[in-house]
Amino acid sequence: TVDVLDPASPETADPASSKARTLAQFMILGLLAGAALTWLRAMLDQRLRSEEDLARAIPVPLLGVLPKSKLRQDKTDAIRAWGEHRALAEAARGLRTAIYFSLPKEEGKLIHVTSPEKGDGKSTASANLAIAMAQAGQTVLLIDGDLRSPTQSKIFQIANDVGLSDALIDPD
């Protein structure tokens, strides 16, 4: 036997969800999931994007920051471009001064410019630093150690007949 304890009536019945309501629920869940993934990605990102990030990552003093600039290798050489990029020239002079005062006199003979990625501006930075040091009356020897794709000859628009690999093979 079956006894009806509470008969269903149209006023109290919960109708099945409509398509619009289901779509809205899934959109909200999707937005929350996207926000959570964005937050997680930002928390796991370890790239250095600012001077403050760099200062937190490594415990050495920051000597200078060069603004991002591409030398027009096909139009002018680095020395002529020096006058066009005043902010870059001033930053290179500031870096030169910081290097001069931060290194002990007996150790300040060699400066190595490097980075982990191609296109980070190593060649541009070293060319501008070499120009700044030469303008200050210092003797500068700029060696392009990139044996696969040397760019200093392009930056300074000079012939690339003899390079570092030639000097290493035949030191005479």
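Note that this is a predicted model, so its numbers are computed, not measured. Every chain's residues receive numbers from 1 upward, in the order its sequence appears when written. With the structure being a predicted model, the display of local features is reserved for residues of pLDDT at least 70 and the display and counting of side-chain atom pairs for 80 or more, all residues being used for whole-chain, interface and lining totals. With hydrogens and water excluded, all non-hydrogen atoms of the structure serve as input to the side-chain values.

Topic: the overall build of the protein
In step 1: A tally of regular secondary structure across the protein gives seven helices and zero strands.
In step 2: Beginning at the N terminus, the succession of helices and strands in the protein can be written as α-α-α-α-α-α-α.
In step 3: Within the protein, the fraction of its 172 residues that count as buried is 18%.
In step 4: Residue contacts follow a heavy-atom distance rule, with two residues in contact if any of their heavy atoms lie within 4.5 Å. Considering only intrachain contacts with a sequence separation of at least 6, the fraction spanning at least 24 residues in the protein is 56%.
In step 5: Values of accessible area rely on a 1.4 Å probe in the Shrake-Rupley scheme; residue burial ignores everything except the protein chains shown. Only carbon and sulfur atoms are counted for the fraction: they give 59% of the accessible area of the protein, which is about 14200 Å². Each helix is a run of DSSP H or I of at least 4 residues and each strand a run of E of at least 2, with the numbering of both proceeding from the N terminus. Only protein chains enter the calculation, and the probe is 1.4 Å; a residue is then buried if its accessible area is under 20% of its type maximum, exposed if over 50%, and partly exposed in between.

A few points about unusual backbone geometry
In step 1: With a phi angle near 50°, glutamine 157 is a residue other than glycine that sits in the positive phi range.
In step 2: Mapping glutamine 157 onto the fold places it in the loop between α6 (152-155) and α7 (164-169).

Notes on the side chain of serine 153
In step 1: Residue position: serine 153 is located in helix α6.
In step 2: Non-local contacts of serine 153, meaning those with residues more than four positions away in its chain, are made with Ile158, Ala159 and Asn160.

Let's talk about the layout of surface pockets
In step 1: Taken as a whole, the second largest pocket spans an internal volume of roughly 390 Å³.
In step 2: Detection works on a 1 Å grid of protein atoms alone, calling trapped sets that fit a 1.4 Å probe cavities and calling open sets with protein on both sides within 12 Å along at least five of seven lines pockets, with lining residues defined by an atom within 4 Å of a point. Contributing to the lining of the second largest pocket are 18 residues, with Asp144, Asn160, Val162, Gly163 and Leu164 lying nearest its centre.
In step 3: Only α6 and α7 provide two or more residues apiece to the lining of the second largest pocket.
In step 4: Ranked by residues supplied to the lining of the second largest pocket, first place goes to α7 with three residues.
In step 5: Considering only residue class, the lining of the second largest pocket consists of nine nonpolar, five polar and four charged. Grid points are joined across faces, edges and corners, and a volume is the space filled by probe spheres set on the points. Only Asp, Glu, Lys and Arg are considered charged, only Ala, Val, Leu, Ile, Met, Phe, Trp, Tyr, Cys and Pro nonpolar, and every remaining residue, Gly among them, polar.

Let's talk about the packing of aromatic side chains
In step 1: Pairing of aromatic rings covers Phe, Tyr and the six-membered ring of Trp, with a centre-to-centre limit of 6.5 Å; geometry is then stacked below 30 degrees between planes, edge-to-face above 60, and tilted otherwise. Tallied over the entire structure, the rule returns one aromatic pair.
In step 2: Ring centres of tyrosine 100 and phenylalanine 101 lie 5.1 Å apart, and the angle between their planes is 80°; this geometry places the pair in the edge-to-face category.

Let's talk about helix α4 (residues 86-102)
In step 1: Here, expected helix span is obtained from the residue count minus one, scaled by 1.5 Å. The end-to-end C-alpha separation of α4 is 24 Å, in line with the 24 Å expected for 17 residues at 1.5 Å each.
In step 2: The elements touched by buried residues of α4 are α3 (78-84) and α5 (122-135).

Concerning the packing of α4 against α5
In step 1: Direction vectors running N to C along α4 and α5 enclose 70°, while the axes themselves pass 9 Å from each other. Classified by the angle between their axes, α4 and α5 sit roughly perpendicular to one another. Note on element contacts: α5 touches α4 through Thr124, Asn128, Leu129, Ala132, Met133 and Gln135, opposite Leu88, Ala92, Arg93, Leu95, Arg96 and Ile99.
In step 2: Residues that form the contact of α4 with α5 fall into these classes: seven nonpolar, three polar and two charged. For helices, the fitted axis covers only the stretch in contact; all axes are lines through C-alpha atoms, and the angles between them, taken along N-to-C directions, range from 0 to 180 degrees. For classification purposes, an angle smaller than 35 degrees is called roughly parallel, one larger than 145 roughly antiparallel, one from 65 to 115 roughly perpendicular, and anything else oblique.

Details of a nonpolar patch on the surface
In step 1: There is a patch of nonpolar side chains on the surface, built from Leu37, Trp39, Leu40, Met43 and Leu44 and spanning about 590 Å² of accessible area.
In step 2: The residue leucine 37 is located in helix α1 (residues 19-44) in this model.
In step 3: Note on leucine 37: relative accessible area 57%, which makes it exposed. Here, patches come from residues exposed beyond 30% relative accessible area and free of salt bridges, joined within 9 Å for like charges and within 5 Å for nonpolar side chains (Val, Leu, Ile, Met, Phe, Trp, Tyr). Counted as salt bridges are all cases of a side-chain nitrogen of Lys or Arg within 4 Å of a carboxyl oxygen of Asp or Glu.

Quick look at the confidence of the model for the protein
In step 1: Taken as a whole, the protein shows an average pLDDT of 81; of its residues, 88% reach a score of 70 or greater.
In step 2: For the protein, α3 is the element with the lowest average pLDDT, namely 71, and α1 is the one with the highest, namely 93. In predicted models, pLDDT denotes the confidence assigned by the predictor to each residue on a 0 to 100 scale.

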